[in-house]
Structure formats: structure tokens, C-alpha cells
Amino acid sequence: MSTNDSVTYRFSVPVQIKMCDLDPFAHVNNGVQCNYFDYGRSQYFEHVFGEKINWMTMDMVLVHVDMDFKNPIKIHDRIICETAIYEFGVKSLKMVQQLKCEETGAVKTVCHSVLAGFDRQTEISIPIKTEYKSKISAFEHLTI
């Protein structure tokens, strides 16, 4: 599903590219881009929830991720990570992110992911908290 075509990105954060992020072709390594999306995801939740997240107690976990590499990211590109949540289930939510060149607007990589509610003590899936859904829905202009 090409959800990034119909999603409005209301959140973005700049990503710092480091020399150690590069592969032998002088492009940002594909695996490193997962870290960029993790950073964008964490900053998104802290922004939307209005507080620092304790990731040791957070009751959502990443359960699926897929990425489409559209264009290489190079050392001098000024990259932003845009993030949006576009769908809720009872126990999960769907997120789309993109790494984009701030100067040209060129989309470099698109990431679709699913996060699920998770009780860390019992290690079982749980419904996404109503509080989370309310804050995200208000931010994204979604109906629950």
C-alpha cells in the first residue's frame, strides 16, 4: 500500500549523517537508515505525548518494518525524517516515515512499520492505550 502518497506529515526531525554511517559506495548504509527511522519514531512519540519516553517501560513495541530505498543518501545531504501514524487497530497501529532531502524534497527512503501494545512483565500483547490513541488522533487529525 502506498500510504505515503495520501499521508500528511505533521512531524519531522533533522537527522545527522556521520562518516561511520557510510558504506563502501559513500552512501548511507541501508541498515543505518533503520536507526534514523528509530530516532524519528522516538522523537515523534515524545513530541505527541509531550514528555520524555522511558523506553524500558513503554508498552508498545515495533513488530514489523519494511523499507523502500528510492534514492541513495550521501554525506552532504541534509536529511529530515518525517513521521505519521495513519491507522489504528485494537492492539496495533500503523506508521509511515520517510527520509527526505530538506533542500530538494527528494524522498530517499520510505518505511512502513507496525507497533503493537505489549505488556513487558507478562510479555503478551495488549490493546493500545486509549490515552495514546487520543493524543495521536488529535495530533494526526484522525478519528478513532
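Please refer to the structure higher up on the page.
Residues numbered from 1 in each chain as written. Predicted model: local features only at pLDDT ≥ 70, side-chain atom pairs only at ≥ 80, totals over all residues. Heavy atoms only, no water.

Participant: Explanation requested: the environment of Gln121 in the structure shown.
Facilitator: Summarising the element assignment, Gln121 is placed in the loop between strand 5 (107-119) and strand 6 (124-125). Here the alpha-carbon distance between Gln121 and Tyr86, two residues 35 residues apart in the chain, equals 28 Å. (Helix = DSSP H or I, 4+ residues; strand = E, 2+ residues; numbered from the N terminus.)

Participant: Sorry if this is basic, but what is going on with the packing of aromatic side chains here?
Facilitator: For any pair of aromatic rings, the description consists of the separation of the ring centres together with the inter-plane angle of the planes. By the definition in use, this model includes five aromatic pairs. Seen from their ring centres, Phe11 and Tyr44 are 5.8 Å apart, and the 85° between their planes marks the pair as edge-to-face. Remark: Tyr44 occurs in helix 1 (residues 30-49) and Phe11 occurs in strand 1 (residues 11-15); sequence separation between them is 33 residues. Ring geometry for Phe49 versus Tyr132: centroids 4.8 Å apart, planes at 15°, classification stacked. On the criterion of sequence distance, the pair formed by Phe49 in helix 1 and Tyr132 in helix 2 (residues 130-140) is long-range, its members being 83 residues apart. The pair formed by Phe49 and Tyr132 is uniform in burial state, with each residue classed as buried. Here a set of aromatic residues connected by ring pairs shows up, and it is made of Phe11, Tyr44, Phe45, Phe49, Tyr132 and Phe139. (Phe/Tyr/Trp six-rings, centres within 6.5 Å; stacked < 30°, edge-to-face > 60°. Buried < 20%, exposed > 50% of the residue type's maximum accessible area, 1.4 Å probe, protein only.)

Participant: Sorry if this is basic, but what is going on with the environment of Ile79 here?
Facilitator: Structurally, Ile79 can be placed in strand 3 (residues 79-88). Considering only alpha carbons, one finds Ile79 and Val65, 14 residues apart in sequence, at a separation of 20 Å. Once residues lying within four places of it in the same chain are set aside, the contact partners of Ile79 are Val13, Pro14, Val15, Ile17, Ile73, Leu99, Lys100, Cys101 and Lys108. (Contact = heavy atoms within 4.5 Å.)

Participant: Would you explain the packing of helix 1 against helix 2 in this entry?
Facilitator: Geometrically, a packed helix pair is captured by the angle between its two axes and the distance between the axes. Interhelical geometry of helix 1 versus helix 2 gives an angle of 95° and a closest axis separation of 9 Å. Relative to helix 2, helix 1 is oriented roughly perpendicular. Contact residues: Tyr44, Phe45, His47, Val48 and Phe49 in helix 1; Tyr132, Lys135, Ile136, Phe139 and Glu140 in helix 2. Within the contact of helix 1 with helix 2, the residues separate by chemical class into seven nonpolar, one polar and two charged. (Axes fitted to C-alpha atoms, helices over the stretch in contact; angles between N-to-C directions. Parallel < 35°, antiparallel > 145°, perpendicular 65-115°, else oblique. Nonpolar A, V, L, I, M, F, W, Y, C, P; charged D, E, K, R; others polar.)

Participant: Where do I start with the side chain of Gln97 in this structure?
Facilitator: Along the chain, the position of Gln97 falls in strand 4 (residues 92-101). Its relative accessible area of 0% is what places Gln97 among the buried residues. Within the structure, the side chain of Gln97 is placed 3.4 Å from the side chain of Arg41, a separation counted as a polar contact. Only 3.1 Å separates the side chain of Gln97 from the side chain of Thr83, close enough to count as a polar contact. Filtering out sequence-adjacent residues up to four positions away, Gln97 remains in contact with Tyr9, Phe37, Gly40, Arg41, Cys81, Glu82, Thr83, Thr109, Val110 and Cys111. (Polar contact = N/O pair within 3.5 Å; in protein donor to acceptor, adjacent residues only side chain to side chain.)

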